[in-house]
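Residues per chain, in single letters:
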Amino acid sequence: MESSSILDSLGVEIIGVMAPVSICMFLVVLLTYSLSVTSDPQIRTAANLIYIENPSDSATVKLEGSLENAIVFVVLVAAVTFVLVLLFYYNFTNFLKHYMRFSAFFVLGTMGGAIFLSIIQHFSIPVDSITCFVLLFNFTVLGTLSVFSEGMPIVVRQCYMVVMGIVVAAWFTKLPEWTTWFILVALALYDLVAVLAPGGPLKLLVELASTRDQELPAMVYEARPTVSRSGGGGSSLRVLVGGGGGGVSDSGSVELQAVGDGAATHNLDYNAVAVMDVDSVDGVGRSREGHSASPVSSEHSRELGSVGNRESVAEEEMSPLVELMGWGDNREEPRGLAEESDNIDRGIKLGLGDFIFYSVLVGRAAMYDLMTVYACYLAIISGLGCTLILLSVYNKALPALPISIMLGVVFYFLTRLLMEPFVVGMTTNLMMF
Amino acid sequence: MTVAAGIGYALLALGPSLSLFVSVISRKPFLILTLLSSTLVWLVSLIILSGLWRPFLPLKANVWWPYALLVLSSVCFQEALRFLFWKLYMLSTLIHFALLLSSDCYAVLDLKKRLEDVLDSFADRISRPRLFLTDKLQIALAGGLGHGVAHAVFFCLSLLTPAFGPATFYVNRCSKVPFFLVSAIIALAFVTIHTFSMVIAFEGYAKGNKVDQVIVPVIHLSAGMLTLVNFASEGCVIGVPLLYLVASLTLLHCGKMVWQRLIESQNQSGSTLR
């Protein structure tokens, strides 16, 4: 029967965001399992500046070292975010956009290429180097073009966002274990502070963007809704929320010289824009609003160059997630005033950093067991759902990273310590309930 | 034994649920959310149970009564949680809809409204048909499938990782078939039981039907206790078919109940059904 019920249209936007996050996490887990990525202690990255983790160290040494690593990382990210705020304040928007295109090219080309090569090596795929290079080049260029252009089909842009999230997350899982957990928690706390505290860089960015009514150059995943909305009296209120990124800095050379030959330093900035759109659905002669939340995350990543001959690049990525909700009140507007431009702004936009850090958490859980993967996946998804609900309650910019990361970490340790002996003990005796 | 075998075991446990998911649940985003939330509830219940039992683990492998106690307590806890899930689910969707409708104060203030009333009033607002009976059943199905999938993942899939490698594993007590195969078969039975008993339970709670409300914990408990039969040497030869008997009983009862409801509602509305 064609009669549709209300159940068809509820929750479309939420699923539109959860689906790509799930796909990204799933592919990162697959990549982690198939490549058996082990953390390589030789890489000195921005996340490893102070302490390089050695599996044979004692617990207290690891604890202190990882804590120091995490603090340094967050400080670096905060500094670069402030630089971004400064750049945006002085209207360097075009520079930021071009820089981000360059970042996309670099990420897809080198890091994506490295993963691509290791896949070829692992599965012994017969392909020659020229073909490989041509394919990789085409892939990278398409990705770069899809970042900010208006003419690309939305599916291409969405796919490339997910691919970039996968690539960066796969690199992040190479960090040692304790450092990863501490960095995740530290970033969640930083996100909380940066978005909500009065002096936080992301809050400043939000205010700057909204007062100027400008759009931040950002890397976002846009989820366009597929269900067409009824009611033409819609208006979309564009509220911009920006996230922090960084500018080019050569302060990285200070760290590099201590390590090896000088290498290039690149900073990748991903800024995210949240666009709220208000969906007006016409009832009987009066328009009502629905609203869709636009979580925004901005991320900033920074790459430090190699040690010696090896092109070992590590990045730090920061993705404070900022959410903002906007309302449009359209009760008196007649139905005929349908704005065509609304179609571009509909749907939830989620910043790239969220993809990355959720996938890092799940990837790290994958290195232990599949049970922890599933538990962390559920925790993250429910955290995302909670954040969307909170957004609709509080109506202002909220960080979405803290809830998911905290839930994910808690569930990981609970599953690992409590649930696994319980379940494994029962199933090996073939006892289930 | 190989990737093919590993995928085979996984599909054995989760194949029907995958087809259910693709055909029924993935069409409606709300059902996907219901599935995710019910999986989360099951996971939380499992974590709490393992937290409670952790000091007593590992249990001795030769004595059967600690396991019986384990299963009993777990089943009781989960059944209590199922009722709580029903209540909580109504409340949380109520809040969600209250937020969505928050431009209209009346829905927010009346917190005693039931889920269906809220959904129906929301449906009226956006000029869509009200919640059909099949919708309510589908929500219950999604909830049950969430529980079933969670069971299959945690009790079967999470242990399947070695199955993708070059060898296989046999348990002493059930030495005829590989361990992975037995656990996949048992998981399939439990997925069926969880999925359809949730439908029975939700209908029982909604209509106040005592028989339905009681039969669900009984089914769950008997299924759990039947797995204790596996404790005996070569007990799985008896235990697993009995388990499938229980699963098919659940299926039959659920089918009968749904059929009756549909006939009733058809008689009431006097129009063709969806």
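Predicted model, so just to flag it, every value in this text is computed and none were measured.

The rules behind these values
- Residues numbered from 1 in each chain as written.
- Chains lettered and ligands numbered in written order.
- Predicted model: local features only at pLDDT ≥ 70, side-chain atom pairs only at ≥ 80, totals over all residues.
- Heavy atoms only, no water.
- Phe/Tyr/Trp six-rings, centres within 6.5 Å; stacked < 30°, edge-to-face > 60°.
- Helix = DSSP H or I, 4+ residues; strand = E, 2+ residues; numbered from the N terminus.
- Buried < 20%, exposed > 50% of the residue type's maximum accessible area, 1.4 Å probe, protein only.
- Lys NZ or Arg CZ within 6 Å of the ring centre and 35° of its normal.
- Core = buried A, V, L, I, M, F, W, Y, C linked by side-chain atoms within 4.5 Å.
- Contact = heavy atoms within 4.5 Å.
- Expected span 1.5 Å × (residues − 1).
- Axes fitted to C-alpha atoms, helices over the stretch in contact; angles between N-to-C directions.
- Parallel < 35°, antiparallel > 145°, perpendicular 65-115°, else oblique.
- Left-handed = near helix turned anticlockwise from the far one by under 90°.
- Nonpolar A, V, L, I, M, F, W, Y, C, P; charged D, E, K, R; others polar.
- UniProt positions renumbered as here; feature names shortened; annotations may be inferred.

1. Examining the packing of aromatic side chains
Part 1 of the reasoning: By the definition in use, this model includes 23 aromatic pairs over all chains.
Part 2 of the reasoning: Between the aromatic rings of Phe139(A) and Tyr160(A), the centroid separation amounts to 5.2 Å while the plane-to-plane angle is 40 degrees, which identifies the pairing as tilted. Of this pair, Phe139(A) sits in helix α4 (residues 129–148) while Tyr160(A) sits in helix α5 (residues 154–172), placing them 21 residues apart in sequence.
Part 3 of the reasoning: The partly exposed category is assigned to Phe139(A), whose relative accessible area is 33%.
Part 4 of the reasoning: Classification of Tyr160(A) as buried rests on a relative accessible area of 7%.
Part 5 of the reasoning: Put simply, the rings of Phe83(B), Phe85(B), Trp86(B), Phe202(B) and Tyr205(B) touch in pairs and so form one group of aromatic residues.
Part 6 of the reasoning: The ring of Trp171(A) carries the charged tip of Lys174(A) above its face, separated from the ring centre by 3.9 Å.

2. A closer look at the nonpolar core
Part 1 of the reasoning: In terms of nonpolar packing, the biggest core is built from 157 residues, with Met164(A), Phe422(A), Phe433(A), Leu46(B) and Phe154(B) touching the most fellow members.
Part 2 of the reasoning: Counting residues per element, this core draws most heavily on helix α2 (residues 29–53) of chain B, which supplies 13 residues.
Part 3 of the reasoning: With near-sequence residues (within four places) excluded, Phe154(B) lies in contact with Met371(A), Tyr374(A), Ala375(A), Met419(A), Val423(A), Trp42(B), Leu43(B) and Leu46(B).
Part 4 of the reasoning: Core analysis: the next-biggest nonpolar cluster, separate from the first, contains 20 residues, Trp86(B), Val199(B), Tyr205(B) and Met257(B) among them.

3. Brief notes about helix α11 (residues 370–394) of chain A
All names here are of chain A.
Part 1 of the reasoning: Compared with an ideal rise of 1.5 Å per residue, which puts 25 residues at 36 Å, α11 spans 36 Å between its outermost C-alpha atoms and is within 8% of the ideal.
Part 2 of the reasoning: Counting buried residues in α11 gives 19 out of 25 residues, a clear majority hidden from the surface.
Part 3 of the reasoning: A positive backbone phi angle near 65 degrees is found at Asn395, which sits one or two residues after α11.

4. Focus: the packing of helix α1 (residues 3–25) of chain B against helix α6 (residues 133–155) of chain B
Residue and element names in this part refer to chain B.
Part 1 of the reasoning: Remark: α1 packs on α6, axes separated minimally by 11 Å, with the N-to-C direction vectors making an angle of 150 degrees. When the interaxial angle is binned, α1 and α6 end up roughly antiparallel. Viewed along their axes, α1 and α6 form a crossing whose handedness is left-handed. Contacts from Leu14, Ser17, Leu20, Phe21, Val24 and Ile25 in α1 reach Gln138, Leu141, Ala142, Leu145, Val149, Ala152 and Val153 in α6.
Part 2 of the reasoning: Class assignment of the residues belonging to the contact of α1 with α6 gives a composition of 11 nonpolar, 2 polar and no charged.

5. Side note on the UniProt feature "transmembrane region" (unreviewed entry) in chain A
All names here are of chain A.
Part 1 of the reasoning: Per the UniProt record, "transmembrane region" (unreviewed entry) is found at residues 12–35, 70–90, 102–121, 127–148, 155–172, 178–197, 374–394 and 400–419.
Part 2 of the reasoning: Helix makes up 100% of residues 374–394 and strand 0%, whereas the separation of the span's terminal C-alpha atoms amounts to 30 Å.
Part 3 of the reasoning: From the first C-alpha to the last, residues 400–419 spans 27 Å; its make-up is 95% helix and 0% strand.

6. Comments concerning the UniProt feature "transmembrane region" (unreviewed entry) in chain B
All names here are of chain B.
Part 1 of the reasoning: What UniProt calls "transmembrane region" (unreviewed entry) maps, in this numbering, to residues 29–52, 64–85, 137–160, 180–202, 214–232 and 238–259.
Part 2 of the reasoning: From the first C-alpha to the last, residues 64–85 spans 31 Å; its make-up is 95% helix and 0% strand.
Part 3 of the reasoning: Between the end C-alpha atoms of residues 137–160 the distance is 32 Å, and the span holds 79% helix and 0% strand.

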